[in-house]
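Listed below are the residues making up each chain.
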Amino acid sequence: MNTAPLPADRAHRLAALRARIRALEGRGTGFATPPVRLGPGLDPLLGEDGLARCALHELAGPAATLFGLAIARAALDRPGLFVWCLDEAGVRARGIPWPPGLAARGLDPGRLLLVRAPDAQATARAMEEALASPAAAVVLGELARIGFDLSRRLQLAVERGGGIGLLLRSAADPTPSAAATRWWAEPVPAREGPPRLRLELRRSKSGAEGQVEVRVDERTLALRPAAALADPEAAAPPPTDRRTLARG
Amino acid sequence: MNAEAEALRLGPGLLLTDARAACPALHVFPAEPEADARALQSLALWCTRWSPKVAVDGPDGLVLDVTGCAHLWGGEEGLLAAVAEAFAKLGLEPRTALADRRLAARAWARFGPGGILPDRRALDPLPVEALELDGETSASLRRLGLRTIGDLRRLPRAALARRFGLALAMRLAVLEGAEEPPFVPLVEPTRFSARLARAEPIATHAGIEAACARLARDLCRMLERAGRGARRLVLGLHRVDGVVARLELGTARPSRDPEHLCRLFRHRLDGLELGFGVELAILEAVETVECPAEQPELGAAADATAIALLIDRLAARLGADRVLRPEPVASHVPERRVRWCPAGVEPRPGPWVASRLCPLRLFERPLPVRALALVPDGPPLKLEEPIAGRVVAASGPERILPEWWRATDAAARPRDFFRVRLEDGRELWCAREGLWGEPEPPVWRVLGSFS
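This is a predicted model, so every value here is computed, not measured.

Novice: I'd like a rundown of the pairing of strand 11 (residues 361-374) of chain B, residues and numbers included.
Specialist: Across two bridges, the pairing between strand 3 (residues 96-97) of chain A and strand 11 of chain B is antiparallel. Paired with P97(A) across the strands is R361(B), a residue of strand 11 of chain B. Across five bridges, strand 11 of chain B lies against strand 16 (residues 443-449) of chain B in antiparallel orientation. Pairing of P368(B) across the sheet is with R445(B), part of strand 16 of chain B. In terms of strand pairing, strand 11 of chain B meets strand 12 (residues 380-385) of chain B through four bridges, oriented antiparallel. Bridge pairing in strand 12 of chain B links A373(B) to P380(B). Connecting the antiparallel pair strand 11 of chain B and strand 12 of chain B is a turn made up of five residues.

Take a look at the structure:
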């Protein structure tokens, strides 16, 4: 057992104590799970700590799927399944995940497990089950509404499982939740170049807040600072020739 | 027909007025043959407590193959007594008979006194109808004065066969001990099955779970000895009131881990109605596969086990058709490029043909949209309804032709796909269906989304 002296400052001491308790309880591996590093694009917000594993993160906004997949891609650096839970209403409103599109962005569809639940309640239950399992490296669930109790249950489940939990919401929800962070992701209008996202960290347990603008690399889903040079693989500019227009 | 009805000489074929005259207090219900058949079926399942091989026999009978089962109830008398007692608890009075041939047992139950058939000669006084011949044959036998089975037995078999057909001769041969065709049991008996009977019925979910744990342990020990793992399991819960709940589930990987099996059933037990309690629980491995003993390993194997466990648990909760893994299909039509395989079926690996033009999500029902576009084949410049916005950038077109060799695609039109970016930053996958110059004007649809 680890009996090294505890670090002096409060936050690190708590983290070290928690890790010891986890080791005593026999869950986790005994050493701290490394966080998910989201790259230079988000470093101004998250710093060296990255996005914590064994935790639930809430993502809302019109570009939540893209941001969620970028996190998933980074978190899938270790073995395990990518479990995507959604219900029939979600399939109708936002579409079903499409493996060719995921494969094009470096997410291996062979690791994807899609849970297509009949309703939100079943989605939540499936999510809890998947989060609690050591087999899932990433669990992405789409739930429109979630109470504090449910978010707490999901948080406890992910602490048992050791993966990372991503909660996708289409609309912002001001109700409190047990999630470690809460994000708002929306696309930034841009005439050309790769998709740009404005990511706003609205709440986090560590207290960090703020917003950044990132470019999404279309082949790896890596998030790069938006200020960098234009991507060579830019989308074609819109046609400028004036030909006949027609409504169809 | 119960004893009271028999005493009043009520019976099938009686006119309702006559029946009312015999018994003024009679309650009348219309016959429901389908409901009766269902009830008989569930009664047959209930009877699996005595023998695994049970079948419904005609509209009003059950047949049990009790070969090798009777000793569990202290011999054949004991078995019949147990059957009578259990049925009496349900408020039923069946006519039971036990014989070495089904035909003989049916004859003894329906036309004889019932019970254990003492010897074959005992069937002699029974009427010829007991042979279950068609009405015409029975009637002509009677006309010739052949009223009982004994009468027929005394006649030369060849002459009977010539005069009344082979069926009669064969039935008589069966009564002499010839083989009968085997019957198809309602549920296939299994090699691996564990049972737990309780004199005191289990009425709580905690109790059922404990019983389930014990059954799983017994079953897994059996499977381990045989070197097999279960792929499909059935848990039969026999309630005191005669209802049998059959819970069936499958596993993603052959398993003989009692804890795992238990956990799979626990979800299914959640909402289960227990009534007055469960008196008998039977856990069977319906489908097993070779599963050599494996040493618990670190790394890949442990991951595979954890993955299988997770898939099983999700499938047990939601049903296997809701826990899916993608399999690539060699097709250009977007809607056909993915086959979602139910969990537990290993998807065939294959290359995913993909490009930047593939969206992240696909709408299962493409959304028709009004668009302003360049003629004849330019990208949309503006989407109007129901998704509105100016298009600031577009990539494409990517023309995808329908698969004309399929009947469903015979009338389909070619589609030009564009990835368009709207002024608010949203990116959509749109397609123009059809070409200008065709009698039908083209239609724009939104098929997917990139954010």
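Novice: Which residues make up the environment of G47(A), and what values go with them?
Specialist: Residue and element names in this part refer to chain A. With respect to the secondary-structure elements, G47 resides in the loop between helix 2 (43-46) and strand 1 (56-60). Judged by its relative accessible area of 24%, G47 is partly exposed. Here the alpha-carbon distance between G47 and R37, two residues 10 residues apart in the chain, equals 9.0 Å. Residue contacts for G47: discarding those within four places in its chain leaves R37 and L42.

Novice: Describe the interface of chain B and chain A, listing the residues and the values that go with them.
Specialist: Listed by partner, the interface residues are 61 residues for chain B and 69 residues for chain A. Summed over both partners, the interface of chain B with chain A buries about 5,500 Å², with 60% contributed by carbon and sulfur atoms. Here chain B is connected to chain A by six salt bridges. Among the salt bridges present, the one from R317(B) reaches E129(A), with a minimum N-O distance of 2.8 Å. If you look at where chain B meets chain A, you find 17 residue pairs in polar contact (both at pLDDT 80 or more). Breaking the side of chain B that touches chain A down by element, the ones donating at least two residues are helix 12 (300-318), strand 9 (323-328), strand 10 (338-342), strand 11, strand 12, strand 13 (389-400), strand 14 (415-422) and strand 15 (427-433) of chain B. Considering each element in turn, the side of chain B that touches chain A owes the most residues, 10 residues, to strand 11 of chain B. Class assignment for the residues of the side of chain B that touches chain A results in 37 nonpolar, five polar and 19 charged.

Rules used in this analysis
Residues numbered from 1 in each chain as written. Chains lettered and ligands numbered in written order. Predicted model: local features only at pLDDT ≥ 70, side-chain atom pairs only at ≥ 80, totals over all residues. Heavy atoms only, no water. Pairing = 2+ DSSP bridges. Helix = DSSP H or I, 4+ residues; strand = E, 2+ residues; numbered from the N terminus. Buried < 20%, exposed > 50% of the residue type's maximum accessible area, 1.4 Å probe, protein only. Contact = heavy atoms within 4.5 Å. Buried area = accessible area lost by both parts, 1.4 Å probe. Salt bridge = Lys/Arg side-chain N within 4 Å of Asp/Glu carboxyl O. Polar contact = N/O pair within 3.5 Å; in protein donor to acceptor, adjacent residues only side chain to side chain. Nonpolar A, V, L, I, M, F, W, Y, C, P; charged D, E, K, R; others polar.

Take it as geometry only, folks, not as evidence of what the structure does.
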